[in-house]
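Below, each chain spelled out in residue letters.
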Amino acid sequence: MKLSINTLFFLCMVAVESFGANPTWSSSIANIIYSNCSSCHRYGGIAPFSLMNYDEVAAKKNSVLEAVTTRSMPPYPADTKFRSYSHQRTLSDSDINAFVEWVNNGAPAGDLASAPNPPTFSSGPKIKNPSFTAQMPSYASQAKAGGEDEYRCFVLEGSPTKDEFISAIEVLPGNPEIVHHVLVFQDTSSIPLQLDAQTIEPGYPSFGGVGSETAELLGVYAPGGEPYFFPKGFGLRFRKGAKIILQVHYPAGTEGQIDFTSVRFTYSEAVSPREVFIDPLLNHQNIVNKPFRIPAGLEKTFTQKMTIPIDATAFAVMPHMHLIGKSTKIILRLPNNDTIPIINIPHWDFHWQMAYSFKTLQKVPKGSILESTVIYDNTSENPHNPSSPPKEVRVGEGTTDEMMLTYFYYCQYQPGDELITTEVQDDTEEEIPLTDVTFTQIPDGVIVRFPGPTIMHSLRIYDVLGGIVHDHQPNHRHQHSSLTIPISSSGAYFMHAIDVDGKHYRGGFSIMR
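Residue numbers here run from 1 along each chain, matching the order of that chain's written sequence. Restriction of local features to residues with pLDDT of at least 70 applies here, the model being predicted, together with a cutoff of 80 or more for giving and counting side-chain atom pairs; totals for whole chains, interfaces and linings are based on all residues. Side-chain metrics rest on all non-hydrogen atoms present in the structure, leaving aside hydrogens and water.

What follows concerns the overall build of the protein chain. Runs of H or I in DSSP of at least four residues are treated as helices and runs of E of at least two as strands, each being numbered from the N terminus. In terms of regular secondary structure, the protein chain is built from six helices and 29 strands. Taking 24 Å as the expected radius of gyration for a compact globule of 513 residues, we find that the protein chain reaches 24 Å, a close match to that expectation. Considering only C-alpha atoms, the protein chain reaches an extent of 65 × 60 × 45 Å along its principal axes. The proportion of buried residues among the 513 residues of the protein chain is 53%. Our radius of gyration looks at C-alpha atoms and nothing else; its globule reference is 2.2 Å times the residue count to the power 0.38. Exposed residues in this analysis have more than 50% of their type's maximum accessible area, buried residues have under 20%, and partly exposed residues fall in between, with area computed by a 1.4 Å probe over protein chains only.

Quick look at the sheet that holds strand E28 (residues 491-499) now. Taken in spatial order, the four strands make up an open sheet running E26-E25-E28-E29, and their pairing is antiparallel. At either end of the open sheet lies a strand with only one pairing partner, and these are strand E26 (468-472) and strand E29 (504-511). In this sheet, adjacent strand axes meet at a mean angle of 15 degrees when their direction is disregarded. For two strands to count as paired, DSSP must find a minimum of two bridges between them. Bridging between strand E25 (residues 456-463) and E28 involves seven bridges; their strand directions are antiparallel. When the bridges of E28 are listed, Leu459 appears paired with Ala497. In this analysis, axes come from line fits to C-alpha atoms, helices being fitted only over the stretch in contact, and the angle between any two N-to-C directions falls in the range 0 to 180 degrees.

Between side chains of opposite charge, a pair can form when the charged atoms approach closely. Counted as salt bridges are all cases of a side-chain nitrogen of Lys or Arg within 4 Å of a carboxyl oxygen of Asp or Glu. The final tally for this structure, using the stated rule, is twelve salt bridges. The residue Lys162 makes a salt bridge to Glu164 at a minimum N-O spacing of 3.1 Å. What makes Lys162 partly exposed here is its relative accessible area of 46%. With a relative accessible area of 17%, Glu164 lands in the buried category. Arg239 is the salt-bridge partner of Glu216, the closest N and O atoms lying 2.7 Å from each other. Taken together, the positions of Glu216 in strand E7 (residues 216-221) and Arg239 in the loop between strand E9 (234-238) and strand E10 (243-250) put the pair 23 residues apart, joining distant regions of the chain.

Residues three or four positions apart in an α-helix share a direction because the helix packs 3.6 residues into each turn. Expected span, for any helix, means 1.5 Å times one less than how many residues it has. In this model, helix H5 (residues 93-104) (twelve residues) spans 16 Å end to end at C-alpha, consistent with the 16 Å of a helix rising 1.5 Å per residue. For H5, the complete set of buried residues consists of Asp95, Ile96, Ala98, Phe99, Trp102 and Val103. Along the axis of H5, the buried positions cluster into a sector of 165 degrees, meaning they face one direction only. Within H5, the exposed residues directed more than 90 degrees away from the buried face are Asp93, Asn97 and Asn104. Note on contacts: a residue pair qualifies if any of its non-hydrogen atoms lie within 4.5 Å across the two residues. Packing partners of the buried residues in H5 comprise helix H2 (25-36), helix H3 (54-59) and helix H4 (61-69). Following H5 by one or two positions, Gly106 has its phi on the positive side, about 90 degrees. Note: the arc covers the axis-to-C-beta directions of the helix.

To continue, consider unusual backbone geometry. Cis geometry marks the peptide bond from Lys290 to Pro291, where omega comes out at 5 degrees. Locating Pro291 in the fold gives a position in the loop between strand E13 (274-282) and strand E14 (293-294). Cis geometry marks the peptide bond from Ser388 to Pro389; its omega dihedral reads 0 degrees. Within the secondary structure, Pro389 sits in the loop between strand E20 (369-377) and strand E21 (393-394). Although it is not a glycine, Ala107 sits at a positive phi angle of roughly 55 degrees.

All right, on to the side chain of Ser327 then. Relative to the helices and strands, Ser327 resides in strand E17 (residues 325-333). Given the relative accessible area of 12%, Ser327 is considered buried. When sequence neighbours within four positions are dropped, the list of residues in contact with Ser327 reads Met321, Ile345, Pro346, Trp348, Thr373, Val374 and Ile375.

Spanning twelve residues, H2 covers only 14 Å between terminal C-alpha atoms, well under the ideal 16 Å at 1.5 Å per step. With nine of twelve residues buried, H2 is to be regarded as a mostly interior element. Looking at H2, one finds that the buried residues are Trp25, Ser26, Ser28, Ile29, Ala30, Ile32, Ile33, Tyr34 and Asn36.

The subject of this paragraph is the nonpolar core. Side-chain atoms within 4.5 Å are what join buried Ala, Val, Leu, Ile, Met, Phe, Trp, Tyr and Cys residues into a set we call a nonpolar core. In this structure, Val184, Ile244, Val263, Phe265 and Phe315 are the most contacted members of the largest nonpolar core, which totals 48 residues. Top element by residues in this core is E10. It accounts for five residues. Not counting chain neighbours up to four residues away, the residues in contact with Val184 comprise Ile169, Val171, Glu216, Leu217, Leu218, Gly219, Ile244, Ile245, Leu246, Val263 and Phe265. Core analysis: the second largest hydrophobic core is formed by 39 residues, Met306, Ile345, Met354 and Val364 among them.

As a further point, take the environment of Ala145. Mapped onto the fold, Ala145 is located in the loop between strand E2 (139-140) and strand E3 (150-155). Note: C-alpha distance between Ala145 and Ala252 (107 residues apart in sequence) is 5.2 Å.

What follows concerns the pairing of E20. Looking at chain direction, strand E15 (residues 299-307) and E20 are connected through nine bridges and run antiparallel. Bridging from a neighbouring strand, Lys305 pairs with Glu371 of E20.

Quick look at the sheet that holds E15 now. Strand order in the open sheet formed by four strands is E15-E20-E17-E18, with antiparallel pairing between adjacent strands. On the outer flanks of this sheet lie E15 and strand E18 (339-345), each paired with one strand and no other. When the angles between neighbouring strand axes are averaged without regard to direction, this sheet yields 15 degrees.

Direction vectors running N to C along H4 and H5 enclose 150 degrees, while the axes themselves pass 10 Å from each other. With respect to each other, H4 and H5 are oriented roughly antiparallel. Seen along the crossing, H4 lies across H5 with a hand that is left-handed. Of the residues in H5, those touching H4 at Lys61, Asn62, Val64, Leu65, Val68 and Thr69 are Ile96, Phe99, Val100, Trp102 and Val103. Classes in brief: Ala, Val, Leu, Ile, Met, Phe, Trp, Tyr, Cys and Pro nonpolar; Asp, Glu, Lys and Arg charged; the others, Gly included, polar. By residue class, the composition of the contact of H4 with H5 is eight nonpolar, two polar and one charged. Any angle that falls under 35 degrees is termed roughly parallel, while one over 145 is termed roughly antiparallel, one within 65 to 115 roughly perpendicular, and all others oblique. With the far helix as reference, a near helix turned anticlockwise by less than a right angle produces a left-handed crossing, and one turned clockwise produces a right-handed crossing.

Pasting the structure below:
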């Protein structure tokens, strides 16, 4: 499929604050664009045009306005009002209102001499000292203009000599202008190598998976994505002798352009790291209303149920369908019949599938039930339907087949897991040890005590669903050794604070009423 201009708008937008009434480029719009758009909308980025100065943005203001007001960008399909996630790429109402007002007022420049300077972007890796690196051979995309997108798998050189645990993973697109998304797998079988040997060019075509039932998912990349860092002490097992397989998506119209995508892993330094698994806990075996067949010309709804056999801890969720998927909604039903929202994607888009990390680790008690409701649209009204006229669809890995899988990142539960954050962006943050941050419950909230007088830049308190329950606005001129935070409800909470020197303070606590 061809990526439209609207599809590529605002690939990297995240929420920021608006800057008051009568916005100008210099006073507010430049900051919104530079903070949220320019990392992709720049020369060498995947977006089709640059948004790096006033003239460029003003020339595209109406197209950008459409993308902003329709929320077609950023590409973040999950409903964040159903549940919040780490590093979610959503645009705030205040930013939308500021941009609308700016365009309606004629896109005033303001005092350009006082406008912020355009950002500079590093094309280098975030993981500076990896334990393992591997790169695919140079490959020229075969995705013709006006044709279909290309999905190709590459078997990378290099394997671990013993089992290791991956604590961080980074995908580096060799050509960011053509790499739409990447799935990273490991496999100890020879099947991917056999498939690779059947083609003259590097790699082999594969749409759904990598063609091997023993392949295991390790990670996913989409434009604007950052490396994934597990909380300290956790890691994915990288199996001895396993090969890395990259499934790379090249959009139509990229024919002849060269790519050489690579991956970088950091191994855990923990003596006994806690093993994280990535498995499709919701799969074709636990569909309630089998058989999994979608008749031609119809919409059909399926449900799944899976009872959790152990006390588990969930890190992230990643639904997977193909082109006639329409929506998916998943809840966790606890043994006491209470429900916890997991994810809701009301408008499925195969081209923007990703893993959604819970803001704090989610406890999943033994006996809980994962329940999904998934809708497929196999009608001619579905613009993504690969068959015209529609044909009956069954399970399979081909373009005209379908799947109904939801992957979960999880491990065995230990007390206190629900107080651990996934808001980890790199391994270079200067972080205060959690033992130096203490929490004391008081009748109307909690007292947070820091190791010494500190000037805070920001402090937020999250509940177990990732919702912000308190957003403290510190006085940047005053030092504090402690702060009193009002909290009225019982539950588990997590704090993330940053001081003016960039030091991070994290910690979890419980309130019992």
